[in-house]
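# Architecture at a glance
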Amino acid sequence: MKWIFPQNFIFSCKMDMAYFPFDDQTCMMEFGSWSYHGLHLNLFNDSYVLDDIALDFGEWDVLELTWHRKITYRECCDEPFPTLALKFHLRRRILYYFINLLLPCMVLLAVNPLVFLLPAGTGERIGFCMTIQLSVVVFLQVVSEHTPQTADSIPLIGNIHFVLVKTLIV
């Protein structure tokens, strides 16, 4: 008997945000039964099913999608327990992040040395420097809103902003 039904799955995976927004992620999903063993429920992968999966990840491109079937034997039983592991290799689409994060960051990095061209005695130098400082703080807030709360590392763009803040303070 074959039972095919439409299903939406929502899942999460641990992400390495060190190279945000130029990051690649690999996520795994496993399908299996906790109560039925392989003699009652046999899971297998059909190659044509991969073509029917609607993959809409919004800001991600799917580079690779593979199925792997594995059979485990538990201590309690002699029967096999099959599971299907689905592996996603994803790459972030960077156009949005380039326009809204990287381009303003590069403009700030280019404008920052212009502070030293202004005369030291004028008030415009202090105002210009404070404007750059405030814009860096705003962009740090934007970057922190785009990174997940559970990220283990600081993205490279956040490190660039920290360097920019250090140069403005010194």
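Structure: see above.
In what follows, the accompanying structure is described. (Residues numbered from 1 in each chain as written. Predicted model: local features only at pLDDT ≥ 70, side-chain atom pairs only at ≥ 80, totals over all residues. Heavy atoms only, no water.)

### Describing the pairing of strand β3 (residues 80–92)
Pairing of strand β1 (residues 24–32) with β3, which is carried by nine bridges, proceeds in the antiparallel orientation. Bridged to M28 within β3 is K87. Across 13 bridges, the pairing between strand β2 (residues 60–73) and β3 is antiparallel. From the neighbouring strand, T72 faces β3, where its bridge partner is F81. (Pairing = 2+ DSSP bridges. Helix = DSSP H or I, 4+ residues; strand = E, 2+ residues; numbered from the N terminus.)

### Quick notes on the environment of C27
For C27, the location among the structural elements is in strand β1. Those residues within four positions of C27 in sequence are excluded, and the remaining contacts are F11, C13, L86, K87 and F88. (Contact = heavy atoms within 4.5 Å.)

### Details of the side chain of R92
With respect to the helices, strands and loops of the structure, R92 is situated in strand β3. Overall, R92 belongs to the buried group, its relative accessible area being 6%. Within the structure, R92 has its side chain in polar contact with the side chain of D23 (distance 2.8 Å). Side-chain polar atoms of R92 contact the side chain of E59, separated by 2.6 Å. (Buried < 20%, exposed > 50% of the residue type's maximum accessible area, 1.4 Å probe, protein only. Polar contact = N/O pair within 3.5 Å; in protein donor to acceptor, adjacent residues only side chain to side chain.)

### As for the state of the cysteines
By definition, a disulfide links two cysteine residues through a covalent bond between their sulfur atoms. Counted according to the given criterion, the structure contains one disulfide. In this model, C13 is linked to C27 through a disulfide, with the two sulfur atoms separated by 2.0 Å. With C13 in the segment before β1 and C27 in strand β1, this residue pair connects regions lying 14 residues apart in the sequence. The exposure class of C13 is partly exposed, given its relative accessible area of 27%. A relative accessible area of 4% means that C27 is categorised as buried. (Disulfide = S-S within 2.5 Å.)

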